[in-house]
Amino acid sequence: FDTNVMGAVRVVETVLPHLADDATIVNVSSGLGSIGRVMNGGFNTLTQDVIYRSTKAALNMTTACCAAELRARAPDKAIKVVSIDPGWVNTDMGSRGGTVKPPLEPEQVVRGMIDVVSNLKPEDSGKFISWEGDEQPW
(Lines give C-alpha, C1' and ligand atoms only; values in the text may rest on other atoms or scores of the structure.)
Protein backbone atom coordinates (compact mmCIF):
# COMPACT_ATOMS: atom_id res chain seq x y z
CA PHE A 1 0.00 0.00 0.00
CA ASP A 2 2.80 2.38 0.89
CA THR A 3 4.44 1.97 -2.54
CA ASN A 4 1.46 1.41 -4.85
CA VAL A 5 -0.86 4.04 -3.37
CA MET A 6 0.91 6.41 -1.01
CA GLY A 7 3.94 6.62 -3.30
CA ALA A 8 1.72 7.87 -6.13
CA VAL A 9 -0.06 10.31 -3.81
CA ARG A 10 3.22 11.71 -2.52
CA VAL A 11 4.60 12.18 -6.04
CA VAL A 12 1.47 14.04 -7.17
CA GLU A 13 1.46 16.24 -4.05
CA THR A 14 5.11 17.11 -4.68
CA VAL A 15 4.95 17.86 -8.41
CA LEU A 16 1.48 19.40 -8.60
CA PRO A 17 2.58 23.03 -8.06
CA HIS A 18 5.13 22.61 -10.86
CA LEU A 19 2.97 20.95 -13.52
CA ALA A 20 2.25 22.56 -16.87
CA ASP A 21 -1.38 23.40 -17.61
CA ASP A 22 -1.57 20.44 -20.02
CA ALA A 23 0.47 17.93 -17.98
CA THR A 24 -0.31 14.23 -17.79
CA ILE A 25 -0.08 12.14 -14.63
CA VAL A 26 0.14 8.41 -15.33
CA ASN A 27 -0.35 5.87 -12.55
CA VAL A 28 0.86 2.39 -13.48
CA SER A 29 -1.89 0.11 -12.27
CA SER A 30 -2.82 -3.45 -13.22
CA GLY A 31 -5.78 -5.27 -14.66
CA LEU A 32 -5.58 -7.29 -11.45
CA GLY A 33 -6.87 -4.14 -9.68
CA SER A 34 -10.08 -4.13 -11.72
CA ILE A 35 -13.02 -4.91 -9.45
CA GLY A 36 -15.24 -5.16 -12.52
CA ARG A 37 -13.09 -7.90 -14.05
CA VAL A 38 -13.06 -9.91 -10.82
CA MET A 39 -16.83 -9.64 -10.43
CA ASN A 40 -17.36 -10.71 -14.05
CA GLY A 41 -15.15 -13.80 -13.69
CA GLY A 42 -12.21 -12.27 -15.52
CA PHE A 43 -9.62 -14.19 -13.51
CA ASN A 44 -9.16 -17.87 -12.79
CA THR A 45 -8.15 -17.55 -9.14
CA LEU A 46 -10.04 -14.98 -7.09
CA THR A 47 -7.77 -15.22 -4.05
CA GLN A 48 -4.47 -15.00 -5.94
CA ASP A 49 -2.46 -11.86 -5.12
CA VAL A 50 -5.36 -10.31 -3.17
CA ILE A 51 -3.18 -7.73 -1.37
CA TYR A 52 -1.48 -6.63 -4.60
CA ARG A 53 -4.88 -6.46 -6.33
CA SER A 54 -6.30 -4.39 -3.49
CA THR A 55 -3.48 -1.86 -3.68
CA LYS A 56 -3.96 -1.47 -7.43
CA ALA A 57 -7.73 -1.01 -6.94
CA ALA A 58 -6.87 1.69 -4.38
CA LEU A 59 -4.49 3.29 -6.88
CA ASN A 60 -7.31 3.37 -9.43
CA MET A 61 -9.53 5.17 -6.90
CA THR A 62 -6.68 7.58 -6.23
CA THR A 63 -6.50 8.28 -9.97
CA ALA A 64 -10.24 8.96 -10.20
CA CYS A 65 -10.19 11.20 -7.13
CA CYS A 66 -7.17 13.15 -8.35
CA ALA A 67 -8.75 13.68 -11.78
CA ALA A 68 -12.02 14.88 -10.22
CA GLU A 69 -10.21 17.14 -7.77
CA LEU A 70 -8.11 18.75 -10.49
CA ARG A 71 -11.20 19.29 -12.67
CA ALA A 72 -12.94 21.03 -9.78
CA ARG A 73 -9.97 23.09 -8.58
CA ALA A 74 -8.48 24.03 -11.94
CA PRO A 75 -11.17 23.86 -14.64
CA ASP A 76 -9.09 26.19 -16.83
CA LYS A 77 -6.24 23.66 -16.98
CA ALA A 78 -6.12 20.49 -19.05
CA ILE A 79 -4.17 18.27 -16.65
CA LYS A 80 -4.90 14.63 -17.38
CA VAL A 81 -4.73 11.86 -14.78
CA VAL A 82 -5.03 8.22 -15.84
CA SER A 83 -4.33 4.73 -14.58
CA ILE A 84 -2.72 2.46 -17.15
CA ASP A 85 -2.58 -1.33 -17.18
CA PRO A 86 0.65 -2.60 -18.71
CA GLY A 87 -0.72 -6.13 -19.02
CA TRP A 88 1.14 -9.28 -18.03
CA VAL A 89 4.76 -8.38 -18.78
CA ASN A 90 7.81 -10.62 -18.84
CA THR A 91 9.68 -9.04 -15.93
CA ASP A 92 11.08 -10.65 -12.79
CA MET A 93 7.83 -9.85 -10.97
CA GLY A 94 5.57 -10.81 -13.89
CA SER A 95 7.38 -14.11 -14.45
CA ARG A 96 7.24 -14.89 -10.73
CA GLY A 97 11.01 -15.12 -10.59
CA GLY A 98 11.29 -16.98 -13.90
CA THR A 99 8.74 -19.70 -13.10
CA VAL A 100 6.27 -18.64 -15.84
CA LYS A 101 6.54 -16.82 -19.19
CA PRO A 102 4.19 -13.83 -19.54
CA PRO A 103 3.07 -13.05 -23.11
CA LEU A 104 4.27 -9.43 -23.31
CA GLU A 105 7.81 -8.08 -23.53
CA PRO A 106 8.71 -4.83 -21.75
CA GLU A 107 9.83 -3.04 -24.94
CA GLN A 108 6.48 -3.76 -26.65
CA VAL A 109 4.49 -2.52 -23.67
CA VAL A 110 6.56 0.62 -23.16
CA ARG A 111 6.17 1.57 -26.84
CA GLY A 112 2.41 1.06 -26.53
CA MET A 113 2.17 3.05 -23.31
CA ILE A 114 4.13 5.96 -24.80
CA ASP A 115 1.82 5.99 -27.80
CA VAL A 116 -1.31 5.89 -25.62
CA VAL A 117 -0.10 8.60 -23.24
CA SER A 118 1.03 10.81 -26.14
CA ASN A 119 -2.48 10.73 -27.59
CA LEU A 120 -4.52 11.35 -24.43
CA LYS A 121 -7.15 14.09 -24.55
CA PRO A 122 -8.44 16.12 -21.58
CA GLU A 123 -11.67 14.07 -21.64
CA ASP A 124 -9.59 10.92 -20.95
CA SER A 125 -8.69 12.21 -17.50
CA GLY A 126 -9.91 9.86 -14.79
CA LYS A 127 -9.93 6.77 -17.00
CA PHE A 128 -8.37 3.35 -16.49
CA ILE A 129 -6.84 2.27 -19.79
CA SER A 130 -4.71 -0.56 -21.13
CA TRP A 131 -1.27 -0.17 -22.66
CA GLU A 132 -3.06 -0.53 -26.00
CA GLY A 133 -5.47 2.33 -25.29
CA ASP A 134 -8.61 0.36 -24.44
CA GLU A 135 -10.70 1.63 -21.55
CA GLN A 136 -10.74 -0.87 -18.70
CA PRO A 137 -13.51 -1.59 -16.17
CA TRP A 138 -12.86 -0.17 -12.73
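Everything discussed here concerns the structure shown above.
All of the points below concern the structure found in this document.

Calculation criteria
- Residues numbered from 1 in each chain as written.
- Predicted model: local features only at pLDDT ≥ 70, side-chain atom pairs only at ≥ 80, totals over all residues.
- Heavy atoms only, no water.
- Helix = DSSP H or I, 4+ residues; strand = E, 2+ residues; numbered from the N terminus.
- Rg over C-alpha atoms; globule rule 2.2 N^0.38 Å.
- Buried < 20%, exposed > 50% of the residue type's maximum accessible area, 1.4 Å probe, protein only.
- Areas by Shrake-Rupley, 256 points an atom, 1.4 Å probe, with all protein chains shown as cover.
- Lys, Arg positive; Asp, Glu negative; His and termini not counted.
- Charge placed at Lys NZ, Arg CZ, Asp CG, Glu CD.
- Core = buried A, V, L, I, M, F, W, Y, C linked by side-chain atoms within 4.5 Å.
- Contact = heavy atoms within 4.5 Å.
- Polar contact = N/O pair within 3.5 Å; in protein donor to acceptor, adjacent residues only side chain to side chain.
- Pairing = 2+ DSSP bridges.
- Axes fitted to C-alpha atoms, helices over the stretch in contact; angles between N-to-C directions.

1. A look at the overall build of the protein
A tally of regular secondary structure across the protein gives 4 helices and 3 strands. Each helix and strand of the protein, ordered N terminal to C terminal, gives the series α-β-α-α-β-α-β. For 138 residues, the compact-globule estimate of 2.2 N^0.38 gives 14 Å, and the protein sits close to it at 15 Å. Burial statistics for the protein: of 138 residues in total, 35% are counted as buried. In the form shown here, the protein has an accessible surface area of approximately 8100 Å², with 58% of it arising from carbon and sulfur atoms. Charged side chains in the protein number 13 positive and 17 negative. The centres of these two groups are separated by 2 Å.

2. A short note on the nonpolar core
Judged by nonpolar contacts, V82, I84, V89, L104, V109, M113, V116, L120, I129 and W131 together constitute the single largest core of 10 residues. Those elements that place two or more of their residues in this core are β2 (80-85) and α4 (106-118). The residues contacting I84, other than those within four sequence positions of it, are V26, N27, V28, S29, S30, M113, V116, V117, F128, I129, S130 and W131. Listed in part, the 7 residues of the second largest apolar core include C66, L70, I79 and V81.

3. Structural notes on the side chain of T63
Here T63 is to be found in helix α3 (residues 50-73). Residue classification places T63 among the buried positions, given a relative accessible area of 0%. Polar side-chain contacts of T63 include one of 2.8 Å to the side chain of N27. Beyond its immediate chain neighbours, meaning those up to four positions away, T63 contacts N27, V81, V82, S83 and K127.

4. Re the sheet that holds strand β3 (residues 128-130)
Strand order in this open sheet of 3 strands is β1-β2-β3, and the pairing throughout is parallel. If you trace the sheet from one side to the other, it starts and ends with β1 (24-28) and β3, each paired once. Adjacent strand axes in the sheet meet at a mean angle of 35° when their direction is disregarded. Alignment of β1 against β2, held across 5 bridges, turns out to be parallel. Pairing of T24 across the sheet is with K80, part of β2.

Geometric descriptors of this kind do not, in isolation, establish any biological role.
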